[in-house]
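Structural overview for review
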Amino acid sequence: MKIIAILLLFTLFSLSQQQTTSLSATTATYLGNVLVGVGVGSDSILVAGSGQVRAAGFVAKLDRQGRSILGSVSIPGNPTIARSAIINGALSIAVGTDSGFSVVDSNLRVSSVSAVGTVNSISIGGDGTVATLSGLELRVYSSSGQQISAHNMSFNHIGNVEVDSQSKTVYVLGDYNRRYNGGPVRVVAIYAYDYELKSTKWTDYDFPGQEMGNDLGDTTGQDIRVGKDGSLYFLGGPMGGNNLFRHSPKSLTVPANNIGIDDYNDEFNLRSQITSYIGKLQPATGDLIVGQYLLARITGTIRGNSLFPKFVDADEVGNVFFLGDSACCIKDRDNITISGQAIAPYPGGEATLYGISSTFKTRLTWVAFTKKGTNGDPRGVSASKGVGALVLNVEADQDVVTVNALHDTHSGASGYLVVWTY
């Protein structure tokens with residue numbers, strides 16, 4: 001019986017390792033010249049970008065496997081960023097451009113709004129409310145495209161903006177340049193505003209420089225997203241092991257509820273590399289529910305290495321998917337397969353997808369897509385009801401793994417779409 005039990009444990013461990021180092025992609029394809037965002041709905045996927053599909057900016061509608069383009073529509077301006085939402089049960093995507101933004105629904109109907117300056121960050125809520133950032137200028141628009149409010153943020157570095165239609169809240173993430181004992185330190189901050197931007201509902205982190213104590217590592221804000229489970233998720237970029245994310249976002253005297261699975265979630269043996277932090281918050285208060293660090297480690301050593309956070313999303317049951325840009329190397333990198341295809345050796349920087357369960361205790365997947373050359377321009381991730389999708393961009397001399405591709409080669413710079421089941 002002892003031998004059987006040991007064999008069973010070994011089998012379960014092997015299956016767990018196989019699941020986290022493999023991805024079941026229904027498609028992995030080059031698409032467009034540039035892709036800027038993606039959304040997964042109940043019956044389709046919307047992808048925003050420019051070139052190839054249409055001459056300029058476009059939104060394309062694909063089936064839920066990503067294998068067939070069901071239609072596409074042009075949008076004005078050059079797309080810069082896109083975020084999706086479920087509105088009245090149907091998928092819509094808001095696309096920021098160099099001249100404003102467009103909202104495209106699942107029937108490919110377009111409504112566009114002109115704005116001053118390039119839209120660098122955008123979000124759309126379940127009620128159709130849109131929030132944009134153009135530089136430090138935060139604007140909120142109604143579902144009909146009328147501007148509700150505007151506010152100049154004081155961040156030194158902007159991360160992203162998010163709309164929560166359930167609580168009529170706009171969240172903004174960024175960081176400040178502050179000083180401690182005469183030295184500079186970047187301090188992350190999250191603000192929750194009402195739609196009118198007149199009232200701050202709560203603030204996270206944003207500690208004065210002189211209160212930092214030994215927590216001198218820079219902390220940056222990268223992305224913020226209301227998951228389809230209703231929780232609020234954010235990505236931070238800590239630099240070095242001593243950083244604010246060890247603490248509650250409300251108090252430097254309260255330890256954060258951070259959960260690690262293994263050494264790739266533990267900030268030890270680091271110098272000044274930028275790594276990643278995934279936080280899950282209560283939307284109404286900003287209280288931290290759970291957090292997790294994520295970093296690379298140099299193969300054959302325990303030396304920590306950089307993993308730059310980019311985008312995050314969570315599905316209806318709280319499974320979290322992280323898209324980032326990794327140095328050498330993510331865990332078990334040389335064993336990774338995409339639909340049975342092995343990836344190429346580490347190229348000197350690559351996009352990576354990481355998935356964890358709602359408790360942050362179980363790793364769902366951790367993969368890269370390298371076929372030739374570096375690749376590190378992740379542009380968006382989305383997940384819903386067992387289907388995930390991500391987009392990134394590659395240069396002419398970079399190749400990534402393709403599966404059931406609409407386009408399996410590219411001659412110049414190209415967008416790249418991966419759709420998978422989980």
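Here, residues in each chain are numbered from 1, in the same order as that chain's written sequence. In view of the model being predicted, local features appear only for residues whose pLDDT reaches at least 70, and side-chain atom pairs are presented and counted only at 80 or more, with totals across whole chains, interfaces and linings using the full set of residues. The basis for the side-chain values is all heavy atoms of the structure; hydrogens and waters are excluded.

**Details of the pattern of salt bridges**
Definition in use: The rule for a salt bridge is simple: a side-chain nitrogen of Lys or Arg has to be within 4 Å of a carboxyl oxygen of Asp or Glu. Going along the chain from the N terminus, every DSSP run of H or I of four or more residues is numbered as a helix, and every run of E of two or more is numbered as a strand. Burial status follows relative accessibility: with a 1.4 Å probe on protein chains alone, a residue under 20% of its type maximum counts as buried, one over 50% as exposed, and anything between as partly exposed.
By the definition in use, this model includes 15 salt bridges. Linking D223 and R83 is a salt bridge whose minimum nitrogen-to-oxygen distance equals 3.0 Å. Residue D223 is located in strand β18 (residues 219-226), and its partner R83 is located in strand β6 (residues 79-87); the two are separated by 140 residues in the primary sequence. R83 carries the same exposure label as D223, and that label is buried. For R225, the salt bridge is made with D313, and the minimal N-O distance between the two is 3.6 Å. Taken together, the positions of R225 in strand β18 and D313 in strand β24 (residues 307-314) put the pair 88 residues apart, joining distant regions of the chain. The buried category is assigned to R225, whose relative accessible area is 6%. Residue class for D313 comes out buried when judged on its relative accessible area of 1%. Linked by salt bridges that have partners in common, E162, R225, K228 and D313 make up one network.

**Overview of the nonpolar core**
To be explicit about the condition: Joining through side-chain atoms within 4.5 Å is the link that ties buried Ala, Val, Leu, Ile, Met, Phe, Trp, Tyr and Cys residues into a set, and such a set is a nonpolar core. What makes two residues a contact is simply this: any of their non-hydrogen atoms within 4.5 Å.
Grouped together as the largest cluster of nonpolar side chains are 43 residues, with contacts concentrated most on I338, L353, F369, L390, Y416 and V418. Once residues lying within four places of it in the same chain are set aside, the contact partners of F369 are L23, I338, I343, A351, L353, L390, V400, V401, Y416 and V418. Core analysis: the next-biggest nonpolar cluster, separate from the first, contains 24 residues, V185, V187, I224 and L281 among them.

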